[in-house]
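Understanding the architecture of this molecule
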Amino acid sequence: MEKKIYLDNAATTKTKPEVVEAMLPYFSELYGNPSSVYEFAAHSKKAIDEARTIIADAIGSESTEIYFTGGGTEADNWALIATAEAYGQKGKHIITSKIEHHAILHTCEYLQKRGFEVTYIDVDESGIIKLDQLEKAIRPTTILISIMFANNEIGTIQPIREIGEIARKHNVLFHTDAVQAFGQLDINVDELGIDMLSASAHKLNGPKGIGFLYIRKGIRIRSFIHGGAQERGRRAGTENVPYAVGFGKAVEIAMKTMKERTKKEIELRDYLIKRILSEIPYTRLNGHRTRRLPNNANFSFQFIEGESLLIMLDMNNICASSGSACTSGSLDPSHVLLAIGLPHEIAHGSLRLTLSDENTFEEMDYTVEKIKETVDKLRKMSPLYEDFVRTR
């Protein structure tokens, strides 16, 4: 197949033409600074307000609770660091999980160096957080629970409502990294008991370089970037008008198409999973079988290296990954796969395929055939596989 098959939508998505079209006027025609007082600038301010309202409606919040950021990583950093600064006098204990994105884990490490204690909760073999362990970990000094909505590598969806209930019961703030879930799953922050939520535009066919942090009204976390009164005094810097407009348009499209789009993604995902598990021996699916993101399939193939598999798939015009794009180049196996109990040698042989509704069953068939061929070639070169076959 000469056409490139893109199966790495968890890393980033294609910006939709309608999104680009909505953004263009704000680069060269309606380019006024939203913070200026003249009428020309009012067009920019109105556009940002409209985008903010679209996003707020998508999660059941008020528009005044949405703060634009430079992306999901900034939103995660803001939620953790600003909460630590604002509530540090109450306590210095934070709870998160062992399978969070590095935007959370590395920020927790940063806070630990500054005197905060962090408890990392275990997950089960499917990647679901252990709720009993979470509740037992709460102390009088606990100020924040940060658990991702759905995992970026294995796709497992967490019991967010139950986590929210535990947090409320103990009067602890609850933040969720919803970068992978926003636009893929129904989210209502009030119903789920979420106090803060991070998301990013480029995961749902919007532009790279913009995200948002939802901060429930009444939570007094501090500003993250200083130097101006933008974002109601909480995030300084000239507003990125075209990107905010693009984000709003992407969210509008995602909300309108979610039911039909995710239905198709689930059909493609389940077809792909069924074929790979039934046709390639010594293979396992990572993450929960059904309680997973509609477009996520993550496999481990015994006796091979995931990096070699990726290179050979790329030679066949298939774009995939072995895990988070933020850890590409690392020689260490995925911390997520280790946390669900995989040994190093199996975790090294992982492959993440994340689909979109633009993929086809024909592409899935081609992908399965190429994975089968590649795994077979790599295993024939593996001394471990040779020894395994000999001793069976």
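Everything that follows concerns the structure shown earlier in this document.
Residues numbered from 1 in each chain as written. Predicted model: local features only at pLDDT ≥ 70, side-chain atom pairs only at ≥ 80, totals over all residues. Heavy atoms only, no water.

Focus on the nonpolar core
- Membership of the largest hydrophobic core comes to 58 residues, with the highest contact counts inside it found for I145, F149, F182, F212 and F247.
- With seven residues, helix α3 (residues 39-59) is the largest single contributor of residues to this core.
- Setting aside chain neighbours within four positions, we find F182 in contact with I55, A58, I59, I187, A199, L204, F212, F247, V251 and M255. (Core = buried A, V, L, I, M, F, W, Y, C linked by side-chain atoms within 4.5 Å. Buried < 20%, exposed > 50% of the residue type's maximum accessible area, 1.4 Å probe, protein only. Helix = DSSP H or I, 4+ residues; strand = E, 2+ residues; numbered from the N terminus. Contact = heavy atoms within 4.5 Å.)

Here's the deal with a nonpolar patch on the surface
- Side chains of Y31, V37, Y38 and F40 sit close together on the surface and give an oily, nonpolar patch of about 480 Å² of accessible area.
- In this fold, Y38 is placed in the loop between α2 (25-28) and α3. (Patch = residues over 30% accessible without salt bridge, like charges linked within 9 Å, V, L, I, M, F, W, Y side chains within 5 Å. Areas by Shrake-Rupley, 256 points an atom, 1.4 Å probe, with all protein chains shown as cover. Salt bridge = Lys/Arg side-chain N within 4 Å of Asp/Glu carboxyl O.)

Thoughts on the packing of aromatic side chains
- Under the definition given, this model contains eleven aromatic pairs.
- Here Y67 and W78 contribute two aromatic rings whose centre-to-centre distance is 5.8 Å and whose plane-to-plane angle is 75°, an arrangement assigned as edge-to-face. Of the two residues, Y67 is situated in strand β2 (residues 66-69) and W78 in helix α4 (residues 72-87); the sequence distance between them amounts to eleven residues.
- A relative accessible area of 6% means that Y67 is categorised as buried.
- A relative accessible area of 0% places W78 in the buried class.
- A centroid spacing of 5.4 Å and a plane angle of 80° characterise the contact between F182 and F212, whose relative ring orientation is edge-to-face. (Phe/Tyr/Trp six-rings, centres within 6.5 Å; stacked < 30°, edge-to-face > 60°.)

Digging into unusual backbone geometry
- Of note in the backbone geometry, N171 takes a positive phi value of approximately 60° without being a glycine.
- One can find N171 in the loop between α7 (160-169) and β6 (173-177).
- Positive phi values are uncommon outside glycine, yet Y282 reaches one of about 55°.
- Residue placement: Y282 occurs in the loop between α9 (241-279) and β9 (283-286).

Note that every value here comes from positions in space, so none of it alone points to a role or purpose.
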